[in-house]
Amino acid sequence: MAGPVLIFDSGMGGLSVARALRAHYPHAALCYACDNAWLPYGLREDSTLTARIVGVCRAAVNACQPSVLVVACNTASTLALEQLRAELTIPVVGTVPAIKPAAAASQSRHIGLLATTATVRRPYTQQLIDNFASDCRITRVAADALVIEAEALISGTEPNTQRLAAALAPLWQAAHADVPMDTVVLGCTHFPLLKPWLDAAAPAPLIWVDSGDAIARRVGQVVSTLVSNRHEGRCFATAPVTSLKAGLAAYGFFAPESLFLDDLSLDH
Ligand code: DGL
């Protein structure tokens, strides 16, 4: 039987992808799973993270029986997509930095890449740059602090403008180089949640590019019929949280249920 679309992220960043999915398919049933016990992924070791991502996604797929898994996390996708596809029997749609559309949009050929520490240095990201933006200057800025600000926002706390300014300072420094930057890739799904604050902080207008629309279109290609109402809005988390209830409700999800992992060795 067809199941819902399962969105997975380390935390609440996948809500930016849920927003794009709802815009494209307002009646499709969505479920959400997050590995908040291990957040932020961007500062973790690759060697332990791959097994963890596969274990959490396996448990979430068992819990909600989806027809497709959307890995709404650049940090997880640039590391573990191959392993997830090998392990799971449903289609897996990944999220990778939107270098290709950014290169298509940039007039100045200087693009900023704002992502987690892990994503900015992954070989997968370098490959995207080599394939689609080899004629562009790419300024990579690791901005893990923005993950925490976006998490706080979903818990009801406005982003701290000083911390935002500190995280974004290297981007603005590079933006006024001899070749001005006109386009910035939001290479972490948490960052589109902060878009109004990013716009307000930018010293000059920029084109911000994220992967939400492309992911939504891809889901429509891999799943022929998106079901409605089946397990609609269930949410699973690896650590108990109450502060996210209102934020999740604003995106159409219930308060998180506990997600238990089969393999307890993945807890460390
Ligand atoms: N939202 C995730 C991403 O797209 C990462 C956040 C984290 O570091 O856990 O990369």
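Values in this document were obtained by computation on a predicted structure and should not be read as measured data.

### With respect to the UniProt feature "binding site: substrate" (unreviewed entry) in the protein chain
Phase 1: The positions that UniProt labels "binding site: substrate" (unreviewed entry) are, in the present scheme, D9, S10, Y41, G42, N74, T75, T189 and H190. The largest pairwise C-alpha distance within this set of annotated residues, which runs over 182 residues, is 12.1 Å, so the set is compact in three dimensions.
Phase 2: For D9, the position within the fold is in strand β1 (residues 5-9).
Phase 3: Accessibility expressed as a relative area gives 0% for D9, which makes it buried.
Phase 4: Contact partners of D9, with chain neighbours within four places excluded, come to G14, Y32, A33, C34, D35, A72, C73, T189 and H190.

### Here's the deal with helix α7 (residues 145-154)
Residues three or four positions apart in an α-helix share a direction because the helix packs 3.6 residues into each turn.
Phase 1: All buried positions along α7 are accounted for by L146, V147, E149, A150, E151 and I154.
Phase 2: Turning to α7, the residues buried within the fold contact α1 (14-24), β5 (110-115), α8 (161-175), α9 (195-201) and α11 (245-250).
Phase 3: In the segment just after α7, G156 is the residue with positive phi, at about 100°.

### Some details on the side chain of T183
Phase 1: By secondary structure assignment, the location of T183 is in strand β7 (residues 183-186).
Phase 2: Classification of T183 by relative accessible area gives buried; the value is 0%.
Phase 3: In this structure T183 touches A102, A105, S106, H110, I111, G112, L206, I207 and V209, once residues within four positions along its chain are discounted.

### Re the packing of helix α2 (residues 46-64) against helix α3 (residues 74-87)
Phase 1: At a minimum axis distance of 9 Å, the contact between α2 and α3 shows a crossing angle of 50°. As the angle between them shows, α2 and α3 are arranged oblique. You can see that α2 and α3 cross each other, and the crossing is right-handed. Contacts from D46, L49, T50, I53, V54, C57 and R58 in α2 reach A76, L79, A80, Q83, L84 and E87 in α3.
Phase 2: The residue makeup of the contact of α2 with α3, split by class, is eight nonpolar, two polar and three charged.

### Things to note about the site of the ligand
Phase 1: In the region of the ligand, 14 residues are neighbours, and S10, Y41, G42, T75 and H190 sit closest.
Phase 2: In the environment of the ligand, a nitrogen atom lies 3.0 Å from a nitrogen or oxygen atom belonging to the side chain of D9.
Phase 3: Notes on the ligand: free accessible area 300 Å², of which the protein chains cover 100%.

### Considering the pattern of salt bridges
Phase 1: Tallied over the entire structure, the rule returns nine salt bridges.
Phase 2: For E149, the salt bridge goes to R163, with nearest N and O atoms at 2.7 Å. Residue E149 is found in helix α7, and its partner R163 is found in helix α8; the two are separated by 14 residues along the sequence.

### Regarding unusual backbone geometry
Phase 1: Here the amide bond leading from L39 into P40 is cis, since omega sits at -5°, within 30 degrees of zero.
Phase 2: Along the chain, P40 falls in the loop between β2 (30-34) and α2.
Phase 3: Positive phi values are uncommon outside glycine, yet R109 reaches one of about 70°.
Phase 4: One can find R109 in the loop between α4 (99-105) and β5.
Phase 5: What makes R109 partly exposed here is its relative accessible area of 24%.

Rules of the game
- Residues numbered from 1 in each chain as written.
- Predicted model: local features only at pLDDT ≥ 70, side-chain atom pairs only at ≥ 80, totals over all residues.
- Heavy atoms only, no water.
- UniProt positions renumbered as here; feature names shortened; annotations may be inferred.
- Helix = DSSP H or I, 4+ residues; strand = E, 2+ residues; numbered from the N terminus.
- Buried < 20%, exposed > 50% of the residue type's maximum accessible area, 1.4 Å probe, protein only.
- Contact = heavy atoms within 4.5 Å.
- Axes fitted to C-alpha atoms, helices over the stretch in contact; angles between N-to-C directions.
- Parallel < 35°, antiparallel > 145°, perpendicular 65-115°, else oblique.
- Left-handed = near helix turned anticlockwise from the far one by under 90°.
- Nonpolar A, V, L, I, M, F, W, Y, C, P; charged D, E, K, R; others polar.
- Near = heavy atom within 4 Å.
- Polar contact = N/O pair within 3.5 Å; in protein donor to acceptor, adjacent residues only side chain to side chain.
- Areas by Shrake-Rupley, 256 points an atom, 1.4 Å probe, with all protein chains shown as cover.
- Salt bridge = Lys/Arg side-chain N within 4 Å of Asp/Glu carboxyl O.

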